Amino acid sequence: SGSGLWPETGAYGSSKCLAPRRSDDEPTEVFACYDYGNESHQLEFEKHEWGKHGKCAGVNDANDYFTQICSLSKAPLASTLLFRM
């Protein structure tokens, strides 16, 4: 999952909330890296993540947000190494 991959806004930090560039509509599908069984539960969890975190991440839309999270979840070590450079 993408825990910890969101801007820290308001009382939680000093990041600026960057609204979605195309659409702030909720996700309508369960993305592969969130597919752990109960589809309706996972979709509700994605909606929660999008509402709490994705809408301030400066992405195009929910699809862009979750596609990036799933990509990062496939290669977390490589991502960590990039951030250290």
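Look up: the structure comes first, before these words.
Here we summarise the structure given alongside this text. (Residues numbered from 1 in each chain as written. Predicted model: local features only at pLDDT ≥ 70, side-chain atom pairs only at ≥ 80, totals over all residues. Heavy atoms only, no water.)

### What about helix α1 (residues 39–52)?
An ideal rise of 1.5 Å per residue puts 20 Å on 14 residues; α1 measures up with 20 Å between its terminal C-alpha atoms. Q42, L43, E46, E49 and W50 are the residues of α1 that are buried. Taken down its axis, α1 places every buried residue within 120° of arc, on the same side. Summarising the geometry of α1, the exposed residues directed more than 90 degrees from the buried face are S40 and K52. Taken together, the buried residues of α1 touch α2 (62–74). (Helix = DSSP H or I, 4+ residues; strand = E, 2+ residues; numbered from the N terminus. Expected span 1.5 Å × (residues − 1). Buried < 20%, exposed > 50% of the residue type's maximum accessible area, 1.4 Å probe, protein only. Arc of directions from axis to C-beta. Contact = heavy atoms within 4.5 Å.)

### Quick look at the environment of L18
Position of L18 relative to the elements: it lies in the segment before α1. Through-space distance from the C-alpha of L18 to that of K55 is 7.4 Å; in sequence the pair is 37 residues apart. Among residues more than four places away in sequence, those in contact with L18 are K55, C56, A57 and G58.

### What about the nonpolar core?
Residues V30, F31, C33, Y34, L43, W50, V59, A62, Y65, F66, I69 and C70 constitute the largest nonpolar core, which totals 12 residues. When contributions to this core are tallied by element, the ones reaching two or more residues are α1 and α2. Considering every element that reaches this core, the biggest residue donor is α2, with 5 residues. (Core = buried A, V, L, I, M, F, W, Y, C linked by side-chain atoms within 4.5 Å.)

That is the geometry; function is a separate question.
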